Every structure is written in structure tokens, then in C-alpha cells.
Amino acid sequence: MPIDPNAAIEITAYKAVPTFARGHIKDVRVRWALEEIGLPYRSRLIDGIFGEKPAGHASDQPFGQVPVYKEDGITLFESGSILIHIGEKDERLLPLDVEGRGRAISWMIAALNSVEPSLQTLVVIDVFGDGKDWHHGASQAALPFAQKQIASVSKWLGDRDWLEDRFTIGDLVMIHVLREADELLEAHPNLIAYVERGTSRPAFQRAMAAHLKDCAVGELQPA
């Protein structure tokens, strides 16, 4: 499904992203969900991944991040909130039954609250600690908790294809989060296969292609 400049749904994304961050910005999650259910959208590209955000952006996103989702007078921020809103449009993302819906949302929140922070801590340590004398110690201190959280997901998944009985927004976010785990997944072949299963979906491939195209629109200014 190509991006439609006349679509009712608009998402914000960065138009200049450094190579190491391309594919990892959270607009990918929203694009993926929209692609899964065939909803057209347009992207509004902004500057400011590292610097000053456009005027007025804070009124849409208090923390200055992307994506922001706009549709028919509705403005939403935070990818989890946006994905619940999109999921409510189509049961392919969010089951209609109360338990199934609750379980899907629970797994999405688990990805955001129980898994992603431990992985982001390691990333922050690597980015800001490179070459510093505290880098190794800090990394080793943070590593066991990340390993524990990943092992918990692996144990639950077992030999199933998805976290519950079918693909939902819970899987969408968990897979996007686990893409950041890199070598930490090596001890869990089922998670490697899980991530590959999710990222091989045509909807993910289309979302990633659109994201990468937008990332290259602008040029980063030298520091």
C-alpha cells in the first residue's frame, strides 16, 4: 500500500536520520500496523532528531518525539496509544473478544515496559560510554537484567509462532523491540525465528521501505 498524500491519516517522521538509527525509529511500528490492515496514510517529515524541533511540535508531542498520529481532528502521541487506536479499527490487529484484546494489549505493554527499557539502557551505555572508562562496567551491570527479560519472553513463546494464538499488536511491538537485542538473541533460537517471522511479513517490508525512504529525504547537519 503506497503512501497516499491525500490520506486522512497523517504520521510524523524524521526526514534526516543517521545511518545507525535508520530502521529503528518508532514510526516504523505505526506504519507497520497501518500496512497490516491496508489503511492509507501520509507522512509529515520534520527536522530535529538531535536538535531543535519544529515550532508547535511540543503541542502535539510533549516529549518532542515521533510519531504523532492525526486523523479527523484526533491527535495522538506515543506509539502504544497509537497502536491501540489503529487496532480498534480492525480485528486483525486487536481481537474483538475481551480476553484476546486484553492479552494483546498486555503483550504490547510488556514489550514497551518490561523489555524495551532494558535494551535501551544498553544502547545508551554504548552510545554515550564509548571510549569512557566506565563503559565496560556499566554495560556488564545492565546486561543481566536485559538477558533475564529476553529469556522470559523466550520461555513464554516456546515453539509457538506468536505470543498468543495469532499475530496482534503485541507481536508487532515485541518484534520491533527485539530487533534491538542483536547478539542477546543468540541464546534463544526461537526468538530469532520469531523476529524473522515478523519481519518477513509483507506489511513490515512495505513499512520499512517507506520509513527508509523518508529517512533519506533530508541531510543531517554536521555537529
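What you see is a predicted model, and the numbers here were worked out from it, not measured in a lab.

Details of the overall build of the protein
Logical step 1: Looking only at helices and strands, one finds eight helices and four strands in the protein.
Logical step 2: When the helices and strands of the protein are read in sequence order from the N terminus, they spell out β-α-β-α-β-β-α-α-α-α-α-α.
Logical step 3: For 223 residues, the compact-globule estimate of 2.2 N^0.38 gives 17 Å, and the protein sits close to it at 18 Å.
Logical step 4: The long-range share in the protein, meaning contacts at least 24 apart out of those at least 6 apart in sequence, stands at 70%.
Logical step 5: In the form shown here, the protein has an accessible surface area of approximately 11400 Å², with 55% of it arising from carbon and sulfur atoms.

Regarding the layout of surface pockets
Logical step 1: Counted as a void, the largest pocket has a volume near 1400 Å³.
Logical step 2: Together, 39 residues line the largest pocket, and His-24, Gln-120, Val-123, Val-124 and Glu-180 are the ones closest to its centre.
Logical step 3: Going through the elements one at a time, helix H3 (79–87), helix H4 (98–129) and helix H5 (135–157) are the ones with two or more residues in the lining of the largest pocket.
Logical step 4: Looking at the lining of the largest pocket, its residues break down into 19 nonpolar, ten polar and ten charged.

Some details on the pairing of strand E3 (residues 68–71)
For a regular strand, the rule is simple: side chains alternate between the two faces of the sheet.
Logical step 1: Pairing between strand E1 (residues 9–14) and E3: three bridges, direction antiparallel. Bridge assignment links Glu-10 to a residue of E3, and that residue is Lys-70.
Logical step 2: Bridging between E3 and strand E4 (residues 74–77) involves four bridges; their strand directions are antiparallel. When the sheet's bridge partners are listed, Glu-71 is paired in E4 with Ile-74.
Logical step 3: Joining the antiparallel neighbours E3 and E4 is a turn of two residues, in which Asp-72 adopts a positive phi near 50°.

About the cut-offs
Residues numbered from 1 in each chain as written. Predicted model: local features only at pLDDT ≥ 70, side-chain atom pairs only at ≥ 80, totals over all residues. Heavy atoms only, no water. Helix = DSSP H or I, 4+ residues; strand = E, 2+ residues; numbered from the N terminus. Rg over C-alpha atoms; globule rule 2.2 N^0.38 Å. Contact = heavy atoms within 4.5 Å. Areas by Shrake-Rupley, 256 points an atom, 1.4 Å probe, with all protein chains shown as cover. 1 Å grid on protein atoms, 1.4 Å probe; cavity = no way out; pocket = protein on both sides within 12 Å on 5 of 7 lines; lining within 4 Å. Points joined across faces, edges and corners; volume = space filled by probe spheres on them. Nonpolar A, V, L, I, M, F, W, Y, C, P; charged D, E, K, R; others polar. Pairing = 2+ DSSP bridges.

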